[in-house]
Amino acid sequence: MSRMRKTLGTVLTELRNRRGWTLREMSEQTGIPVSTLSKVEHDRLSLTYDKLQLLGERLKIPMADLFAQQDAQGPAPVLGRRSIGTPENALRIDTENYEYYYLCTELKQKRMVPVVTHVHVKSIEEFGDYVRHPGEEFIYVVTGPLVVHTEFYDPVQLETGQSLYIDSGMGHAYVCGEGCDEAVIVGVMASSPEDISTLLPH
């Protein structure tokens, strides 16, 4: 039987309950207002990239572990692990620019973060500030065209089937190419163990 797709609100509620915190105590630990946390838990609001970074950093939880299943017990051995990602068990997070589907979230202590991203924003002006996070990032364009903006290079357009590997500490942004209403990419982000808590997909 398919498991219902977990939401960010469900993840946040489970995390708070496991620690025995009230919303106010969670707010004090994370620096995120009580009203914002309440709306997220009820799936009426999502957290922006910087707030998700803040959450992982303040709670000292790697981002790859933050979304792990509640019943996952202890660290799994690195060798022999397997996880099958499906649309039904992906964790969906919506932001102003992207619609993320985090895959294989039941695995803890991952060395990389896989995500399918639907891109809706159509210009860098509409996108806003560049995204930056430690590590490296690989993307493959499933549906394009996609325009990649970075702070050190001229914009480049990727067509369906093309890919890109970047230093994700460099400011970057993904927007739809001309004539594209929704670009879809598969991304994998990797970083050192001490930095992986900041990896979220953007």
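Presented here is a report on the structure given in the accompanying data block.

Conventions used here
- Residues numbered from 1 in each chain as written.
- Predicted model: local features only at pLDDT ≥ 70, side-chain atom pairs only at ≥ 80, totals over all residues.
- Heavy atoms only, no water.
- Pairing = 2+ DSSP bridges.
- Helix = DSSP H or I, 4+ residues; strand = E, 2+ residues; numbered from the N terminus.
- Axes fitted to C-alpha atoms, helices over the stretch in contact; angles between N-to-C directions.
- Buried < 20%, exposed > 50% of the residue type's maximum accessible area, 1.4 Å probe, protein only.
- Contact = heavy atoms within 4.5 Å.

**Looking at the sheet that holds strand 3 (residues 112-119)**
Here's step 1: As summarised here, the arrangement of the six strands in space is 1-2-3-9-4-7, forming an open sheet in which the pairing is antiparallel. Taken across any chain shown, the strands that pair with only one partner, and hence form the sheet edges, are strand 1 (91-94) and strand 7 (163-167). Averaged over all pairs of adjacent strands, the angle between their axes in this sheet comes to 25°, without regard to strand direction.
Here's step 2: One ladder, built from seven bridges, connects strand 4 (residues 136-143) with strand 9 (residues 183-190); its direction is antiparallel. Residue E136 lies in a different strand from strand 9, and its bridge partner there is A190.

**Notes on the environment of V121**
Here's step 1: As for its position among the elements, V121 is in the loop between strand 3 and helix 6 (124-127).
Here's step 2: A residue is classified by how much of its surface remains accessible, and V121, at 1% relative accessible area, is buried.
Here's step 3: Among all residues touching V121, those that are not within four sequence positions of it are N97, E126, F127, Y174, V175 and C176.

**Observations concerning the sheet that holds strand 5 (residues 146-150)**
Here's step 1: Strand order in the open sheet formed by three strands is 6-5-8, with antiparallel pairing between adjacent strands. With partners counted over all chains shown, the strands left at the sheet margins are strand 6 (156-158) and strand 8 (172-176), one partner each. Strand-to-strand twist in this sheet, taken as the mean axis angle between neighbours without regard to direction, amounts to 30°.
Here's step 2: By the bridge criterion, three bridges tie strand 5 to strand 6 in an arrangement that is antiparallel. Pairing of L146 across the sheet is with L158, part of strand 6.

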